[in-house]
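Analysis of the macromolecular model
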Amino acid sequence: MSLSLFSLEGKIALVTGSGQGIGLAMAEGLSEAGAHVVLNGRDRAKLETAARAIATAGRKVSIAAFDVTDHAAVEAGVAAIESETGPIDILINNAGMQKRAPFTEFPVDDWHQVVATNLHSVFYVTQAVTRRMVPRGRGKIVNIGSVMSELGRPTIVPYTATKGAVKMMTRGLAAELGKHNIQTNAIGPGYIVTELNKALIADETFSSWVKSRTPSGRWGETRELVGAAIFLSSAASDYVNGHLLMVDGGLTAVV
Ligand code: GCO
Ligand code: CA
């Protein structure tokens, strides 16, 4: 009985920004738990490559290539998924980007890009999806926050601002949609080995700092986020709402 709580059989899961990195790892994990995963990103070729790997493993997968920062494209993309693949049961708002620069020198165009990718996208996609989940009386929204939803560090003020906002959008959505049996939660990754962090991993000093600052004493792997993603996408979390689940090796638990 207990393991069936984590089954995603018969569910359709849209994962934004899932052509690579954390998004792809979570999509593969949800697929292994039984979901029909819909991969999203701007690069159709990358999505097709990722989808082929999942399909080869004998699992159901579709692709939906649209730019999550383009409101019209999101509206059309979500409508197409619902008509071509079926009702979206699970939405993982993973699409995100990082830009690092001293605040006083941070280019305003980069500010707009970080806010659009990390925050506007969550509004656009979640609104398009929940407009359809509400009448169905069920749904799972999983936002990707960060340890930066709670903590700051130099050179990433825009990213930090957006991840704090994602935490509060999670709580606001929980407050408003909970009565429709829609649970909205978030995952807060710590320092994970991804493309987005390549420069940090290569920096010996920074990497040593991560290992000393993290109780687990190491960087995390993308596959280590899969358990939290399955949990928050499944019936196992039906009474969890508005929660930011840190997967950070304990970083935010200690000074
Ligand atoms: C940085 C990193 C972090 C991590 C992640 C932690 O520059 O400090 O990019 O922001 O990527 O967001 O959750
Ligand atoms: Ca279904």
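Provided above is the structure to which this section pertains.
Bear in mind the structure is a predicted one, so any value in this text is a computation, not a measurement. (Residues numbered from 1 in each chain as written. Chains lettered and ligands numbered in written order. Predicted model: local features only at pLDDT ≥ 70, side-chain atom pairs only at ≥ 80, totals over all residues. Heavy atoms only, no water.)

**A word on a nonpolar patch on the surface**
Taken together, the side chains of Leu 3, Leu 5 and Phe 6 define a hydrophobic patch exposed on the protein surface, amounting to about 280 Å² of accessible area. When you line up the elements, Leu 3 lands in the segment before strand S1 (12-15). The class of Leu 3 is exposed, set by a relative accessible area of 69%. (Patch = residues over 30% accessible without salt bridge, like charges linked within 9 Å, V, L, I, M, F, W, Y side chains within 5 Å. Areas by Shrake-Rupley, 256 points an atom, 1.4 Å probe, with all protein chains shown as cover. Salt bridge = Lys/Arg side-chain N within 4 Å of Asp/Glu carboxyl O. Helix = DSSP H or I, 4+ residues; strand = E, 2+ residues; numbered from the N terminus. Buried < 20%, exposed > 50% of the residue type's maximum accessible area, 1.4 Å probe, protein only.)

**Let's talk about the site of ligand 1**
Contacts to ligand 1 come from 14 residues, most closely from Arg 100, Ser 146, Arg 153, Tyr 159 and Pro 189. Gln 98 has a polar side-chain atom sitting 3.1 Å from an oxygen atom of ligand 1. For ligand 1, an oxygen atom lies 2.5 Å from a polar atom in the side chain of Tyr 159. Using a 2 Å cut-off from the grid points, one finds that ligand 1 occupies the largest pocket. (Near = heavy atom within 4 Å. Polar contact = N/O pair within 3.5 Å; in protein donor to acceptor, adjacent residues only side chain to side chain. 1 Å grid on protein atoms, 1.4 Å probe; cavity = no way out; pocket = protein on both sides within 12 Å on 5 of 7 lines; lining within 4 Å. Sits in = over half its atoms within 2 Å of the grid points.)

**Considering empty space enclosed by the protein**
Evaluated as defined, the whole model comprises one cavity of 30 Å³ or more. For the lining of the largest cavity, the leading source of residues is helix H4 (residues 108-136), giving three residues. (Points joined across faces, edges and corners; volume = space filled by probe spheres on them.)

**Observations concerning the layout of surface pockets**
Once rolled over the atoms, a probe with the size of a water molecule shows which space is left empty. In this model, the largest pocket occupies a volume close to 1,000 Å³. Lining of the largest pocket is provided by 45 residues; of these, Gln 20, Ala 95, Gly 96, Met 97 and Leu 196 occupy positions nearest its centre. Taken together, the elements giving at least two residues each to the lining of the largest pocket come down to helix H1 (21-32), strand S2 (36-41), helix H2 (44-56), H4, helix H5 (157-177) and helix H6 (198-202). In terms of residue class, the lining of the largest pocket is made up of 17 nonpolar, 19 polar and nine charged. Each pocket or cavity is described by its volume, and for the second largest pocket that value is around 180 Å³. Looking at the second largest pocket, it is lined by 14 residues, and the ones nearest its centre are Lys 11, Arg 138, Lys 140, Ser 233 and Asp 238. (Nonpolar A, V, L, I, M, F, W, Y, C, P; charged D, E, K, R; others polar.)

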